[in-house]
Number of protein chains: 2
Amino acid sequence: MARVAYVNRRFLPLPAARVHIEDRGFQFADGVYEVIPVQEGRLIEEAGHMDRLGRSLHELRMPWPTTRRVMALVMRELVRRNRLREGIIYLQVTRGSSPRDFRFPPDPAPTLVITARSQVLGPQRLVEDGVGVITIPDIRWKRRDIKSVSLLPQVLGKQRAAEAGAYEAWMVDEDGFVTEGTSSNAWIVNREGVLVTRQANHMILRGVTRQAVLRLLAEEGRGLEERPFTVDEAYQAREAFLTSSSNYVMPVTRIDDRSVGNGKPGSLVLKLRDLYVAYATGRTS
Amino acid sequence: MARVAYVNRRFLPLPAARVHIEDRGFQFADGVYEVIPVQEGRLIEEAGHMDRLGRSLHELRMPWPTTRRVMALVMRELVRRNRLREGIIYLQVTRGSSPRDFRFPPDPAPTLVITARSQVLGPQRLVEDGVGVITIPDIRWKRRDIKSVSLLPQVLGKQRAAEAGAYEAWMVDEDGFVTEGTSSNAWIVNREGVLVTRQANHMILRGVTRQAVLRLLAEEGRGLEERPFTVDEAYQAREAFLTSSSNYVMPVTRIDDRSVGNGKPGSLVLKLRDLYVAYATGRTS
């Protein structure tokens, strides 16, 4: 059975799902997106993702393609039609198709594309050993808070990680501080036992999973410091991990071929992961 | 008559020209492009544009979608089918369509899109008064030498210029030096009469028209300094202008609402424009 996608008010077999070559998403990266995890057929953190979508659209002065209510219904219909139990909804909005001109079209008709895909979220098989990351220069533009499809630097970074046998690349700003991963937020428990993750401003994306973990930490009464940390501080950390919609909370046990702590996932990350999984699946495990 | 476009080995009416929603150009801005001017049905600086395309592809480790020879034939066929006398060829290559994953697909089948459009090049009506530019912070990524479709900052910049009643925005780096326009290179003749334009490294795009003008200058025995210049140096300049494939050489007579020189196009820019037009049209006017 071919997967079903949604493009501008139509449900279509994925292979037939197309956009015009003058779509501004294709010619200018003039678009934004969200990846919403689905667990047991249920969307996780839907409100958080749709709020962030709204913020991205607002920052780029891009109109909503339709109402949130319609988008909610379409996402549920895609879950149903694709018999999705565990996986992701991918949602992309662009400023639509119009004759190529850098300036905004006077009367934009936004493009809305939504797809659904089965995949294992936060793969348990990776958790036992944890994953490795490399560090690379952060060469991105200065508005990383907008979740745009202008993702070429992230593509190059993730490819570089893959070629180095790593799972993710942590990007490092000009002052030597880690910003975030190419598609995840970065966290450490430093040598002093302090949990550290970078504060969310224009320099990083405000991850929806990051926000959920911050809430879980608050509920647990666990303190943390929201501030930049250096690569050296990460090298010397007791624990490290990354968070993202499709990875949940994932232990990082190698940074640039150095072991983090004793080279095994730390106790805090495993605890946070359990808490998050319980939260995401709606079960108290 | 509908315009004719070319997409992956097929000539199609423009309205029917589409790419898959999982094209990496649409989802990741994982693509590059060229805009090649056409004058009297003849491609201008074709070799320069195709060389630069090759460089962009090489830097992104993206395969050629087909041979240069086939692309040359397709471009000519588009000129013919669209009865193009004066205008532009737009050519875009992406890493093709494949299930969404930041990493390069193991066996990429690049997408090739080529379109043709009639338009007036280097519009003479703008030359008499010259055009205005505004200055804005350069928030782009660090590999501006690659002509990628990751153009969202340029979109925002050009829109800001339009809303300010200006023709173009000159982007300014963190040290206060002009990098280039959102789709053009920036030049001044400073207070001392020295012609200045920024050297082409990773910080700007190596404009094909820029290179042609440098050659014309050399032939004329006119010296220049290839170095960054500040906004202040531009404010105090005797002349200013921009170069691009579709603008040729265009006088800039206002920068942030300040007049450049006496507010009229300067003598050097008009001379360079004449030289370039003669060169581009193959006529010694």
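Residues numbered from 1 in each chain as written. Chains lettered and ligands numbered in written order. Predicted model: local features only at pLDDT ≥ 70, side-chain atom pairs only at ≥ 80, totals over all residues. Heavy atoms only, no water.

Colleague: If you had to explain the relation of the copies chain A and chain B to someone new, which residues and values would you point to?
Modeller: For the pair chain A and chain B, the relating rotation is 180 degrees, the translation along its axis is 0.0 Å, and the fit reaches an RMSD of 0.0 Å. Look at the turn and shift together and you get a two-fold axis relating the two. (Least-squares fit on C-alpha atoms with pLDDT ≥ 70 in both.)

Colleague: Now, about the environment of Ala186 of chain B: what can you tell me, with residues and values included?
Modeller: Residue and element names in this part refer to chain B. Of note, Ala186 is situated in strand S11 (residues 185–189). Spatially, the C-alpha atoms of Ala186 and Glu34 are 19 Å apart, while their sequence positions differ by 152 residues. Those residues in contact with Ala186 that lie beyond four places of it in its chain are Trp170, Val178, Glu180, Val196, Thr197, Arg198, Phe229 and Phe241. (Helix = DSSP H or I, 4+ residues; strand = E, 2+ residues; numbered from the N terminus. Contact = heavy atoms within 4.5 Å.)

Colleague: Let's hear about the sheet that holds strand S4 (residues 31–39) of chain A: which residues, and what values?
Modeller: Residue and element names in this part refer to chain A. The antiparallel open sheet is built from six strands, whose spatial order is S2-S1-S7-S6-S4-S5. The open sheet terminates on both sides in strands that have one partner only, identified here as strand S2 (10–13) and strand S5 (42–43). Where S4 and strand S6 (residues 87–94) come together, eight bridges link them in antiparallel fashion. In the strand pairing of S6, Val32 is matched with Val93. Each of S4, S5 and S6 is contacted by helix H2 (residues 46–59), which is oriented at about 180 degrees to S4, the strand it contacts most. (Pairing = 2+ DSSP bridges. Axes fitted to C-alpha atoms, helices over the stretch in contact; angles between N-to-C directions.)

Colleague: I'd like a rundown of the packing of helix H2 (residues 46–59) of chain B against helix H3 (residues 68–81) of chain B, residues and numbers included.
Modeller: To describe two helices that pack against each other, one gives the angle between their axes and the distance between the axes. Residue and element names in this part refer to chain B. Two elements in contact, H2 and H3, have axes whose closest approach is 12 Å; the angle formed by their N-to-C orientations is 130 degrees. In terms of orientation, H2 lies oblique with respect to H3. Note on packing geometry: the crossing formed by H2 with H3 is right-handed. Here H2 contributes Glu46, Ala47, Met50, Asp51 and Leu53 to the contact with H3, which in turn contributes Arg68, Met71, Ala72, Met75 and Arg76. A breakdown of the residues in the contact of H2 with H3 according to their chemical character gives six nonpolar, no polar and four charged. (Parallel < 35°, antiparallel > 145°, perpendicular 65-115°, else oblique. Left-handed = near helix turned anticlockwise from the far one by under 90°. Nonpolar A, V, L, I, M, F, W, Y, C, P; charged D, E, K, R; others polar.)

Colleague: Report on H3 of chain B, specifying residues and quantitative values.
Modeller: Residues and elements named next belong to chain B. End to end, H3 covers 20 Å across 14 residues, agreeing with the expected 20 Å (1.5 Å per residue, within 8%). Buried within H3 we find Met71, Ala72, Val74, Met75, Glu77, Leu78 and Val79. One or two residues past the end of H3 sits Arg83, with phi positive at roughly 45 degrees. (Expected span 1.5 Å × (residues − 1). Buried < 20%, exposed > 50% of the residue type's maximum accessible area, 1.4 Å probe, protein only.)

Colleague: Which residues make up the pattern of salt bridges, and what values go with them?
Modeller: A side chain with one charge may pair with a side chain of the opposite charge, provided their charged atoms come close. A complete count under the given rule lists 50 salt bridges over all chains for this structure. In this structure, Glu180 of chain A engages Arg140 of chain A in a salt bridge whose closest nitrogen and oxygen atoms are separated by 3.0 Å. Here Glu180 of chain A, found in strand S10 (residues 178–181), pairs with Arg140 of chain A, found in the loop between strand S8 (131–137) and helix H5 (152–163); they are 40 residues apart in sequence, far enough to count as distant. Of the two residues, Glu180 of chain A and Arg140 of chain A, neither departs from the other in class, the shared state being buried. Between Glu233 of chain B and Arg227 of chain B there is a salt bridge, with the nearest N and O atoms lying 2.8 Å from each other. Via salt bridges that share partners, Arg55, Glu59, Arg143 and Asp145 of chain A belong to a single interconnected network. (Salt bridge = Lys/Arg side-chain N within 4 Å of Asp/Glu carboxyl O.)

Colleague: Pulling in residues and values, what's your account of the packing of helix H6 (residues 208–220) of chain A against helix H8 (residues 267–281) of chain A?
Modeller: Residue and element names in this part refer to chain A. At their nearest, the axes of H6 and H8 sit 10 Å apart, and the two run at 110 degrees to each other. On the basis of the axis angle, H6 is roughly perpendicular to H8. Of the residues in H8, those touching H6 at Thr209, Ala212, Val213, Arg215, Leu216, Leu217 and Glu220 are Lys271, Leu272, Leu275, Tyr276 and Tyr279. Class assignment for the residues of the contact of H6 with H8 results in eight nonpolar, one polar and three charged.

Colleague: Lay out the nonpolar core with the relevant residues and their values.
Modeller: The biggest cluster of nonpolar side chains holds 58 residues, and the ones touching the most others in it are Tyr276 of chain A together with Tyr276 of chain B. Setting aside anything within four residues of it in sequence, one finds Tyr276 of chain B in contact with Ile44, Glu45, Thr209, Ala212, Val213, Leu216, Tyr248 and Val249 of chain B. (Core = buried A, V, L, I, M, F, W, Y, C linked by side-chain atoms within 4.5 Å.)

Colleague: Provide a residue-level description of the environment of Ala47 of chain A, including the pertinent values.
Modeller: Residue and element names in this part refer to chain A. Relative to the elements of secondary structure, Ala47 occurs in helix H2. Judged by its relative accessible area of 46%, Ala47 is partly exposed. Here the alpha-carbon distance between Ala47 and Ala2, two residues 45 residues apart in the chain, equals 29 Å.

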